[in-house]
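Topology and contacts: notes
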Amino acid sequence: MDRDIGAFSVLLAFIMLLVLFLAAPATAGEIRVGGGINCGDLVGDGAWIQQGLPHEITRCKEALTINYVGNTGIYWLDWSVGGFYRRGTQIKGEYVSDNCYGAGVFEGSVGGVSCHHYRALIQTKVIGITFTVNPIWRITHKFSLSPGVGVSVFGAQTKAVLDNPKGVCPDDKPCHGHWFRRGGVSPYIDLTAKYGQWFITAFSAPLEFAPETPSHGNEGLIAGYAFKF
């Protein structure tokens, strides 16, 4: 069900993007293409991080965006719609089943239940569309600052790949890949500094995450070039 909602949300966003693009004046906009980093906000202990067992965390991965920016007819106010791809937190570590971790036991059994010990590689990613309104502060002829306020319509995925070096994997998590998916809408804010055709954007989308994720929300930096037409 979450997967269907996510696919529908992204499809709806692309339709809205097309309508807005076709409705915009042909000479009143630019396409901004950029890349950078995206970082997840770590949930903490117990969310694919078990203190006392080894794990490696990579909080930030790559991000790509493409945005159409058009004018509203008001000199100081633009609007933007665009697509994004963001990879987020990656964790590689060792784990025991929840009942054993809760008891602080990493080997043997608890209450007659075996402490399954396994390894996992956890990866996250998000794709979707953002919609914003963007007030502009034109400091000089070439340099401007512009905050953006709006929403992101997204589909998020957490992938867990398990293997079994030390025992038997738990019955509800056999030793192979699992995908946890969710679609939804998140508040979205950004701040863009632009000089000539070059820009850098800081962004935050606090509700972009999938089930079983080690991190909630996304934030990062994008740099790129704007093509006027």
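Residues numbered from 1 in each chain as written. Predicted model: local features only at pLDDT ≥ 70, side-chain atom pairs only at ≥ 80, totals over all residues. Heavy atoms only, no water.

A word on the side chain of T192. Counting through the fold element by element, T192 comes out in strand β10 (residues 177-195). A distance of 2.7 Å separates a polar atom in the side chain of T192 from a polar atom in the side chain of T201. T192 has contacts with R32, S144, L145, S146, F199, I200 and T201, leaving out every residue within four places of it along the chain. (Helix = DSSP H or I, 4+ residues; strand = E, 2+ residues; numbered from the N terminus. Polar contact = N/O pair within 3.5 Å; in protein donor to acceptor, adjacent residues only side chain to side chain. Contact = heavy atoms within 4.5 Å.)

This part takes up the environment of F209. Counting through the fold element by element, F209 comes out in the loop between β11 (198-205) and β12 (215-228). In the structure, F209 is positioned 85 residues away from T124 in sequence and 8.3 Å away in space, judged by C-alpha atoms. Ignoring any residue separated from it by four or fewer positions in sequence, one finds F209 in contact with F154, A156, R182, S215, H216 and G217.

Here the focus is the side chain of Q90. Within the secondary structure, Q90 sits in strand β4 (residues 77-96). When neighbours within four sequence positions are excluded, Q90 is seen to be in contact with E56, I57, T58, K61, L121, I122 and Q123.

Okay, the state of the cysteines next. With the rule as written, the count across this model stands at 1 disulfide. Here C39 connects covalently by a disulfide to C60, the sulfurs 1.9 Å from one another. Because the torsion about its S-S bond is 110°, the bridge between C39 and C60 counts as right-handed. Placement of C39 in strand β1 (residues 29-42) and of C60 in strand β3 (residues 60-71) is noted, with a sequence separation of 21 residues between them. (Disulfide = S-S within 2.5 Å.)

Attention now goes to the packing of aromatic side chains. Scanning the model with the defined rule gives 5 aromatic pairs in all. Here W198 and Y225 contribute two aromatic rings whose centre-to-centre distance is 4.8 Å and whose plane-to-plane angle is 75°, an arrangement assigned as edge-to-face. With W198 in strand β11 and Y225 in strand β12, this residue pair connects regions lying 27 residues apart in the sequence. An aromatic cluster of at least three residues, connected via ring pairs, comprises W198, Y225 and F227. Above the ring of F199, the side-chain terminus of R32 is found at 5.9 Å from the ring centroid. The ring of F209 has R182 lying over it, and the distance from NZ or CZ to the ring centre is 4.5 Å. (Phe/Tyr/Trp six-rings, centres within 6.5 Å; stacked < 30°, edge-to-face > 60°. Lys NZ or Arg CZ within 6 Å of the ring centre and 35° of its normal.)

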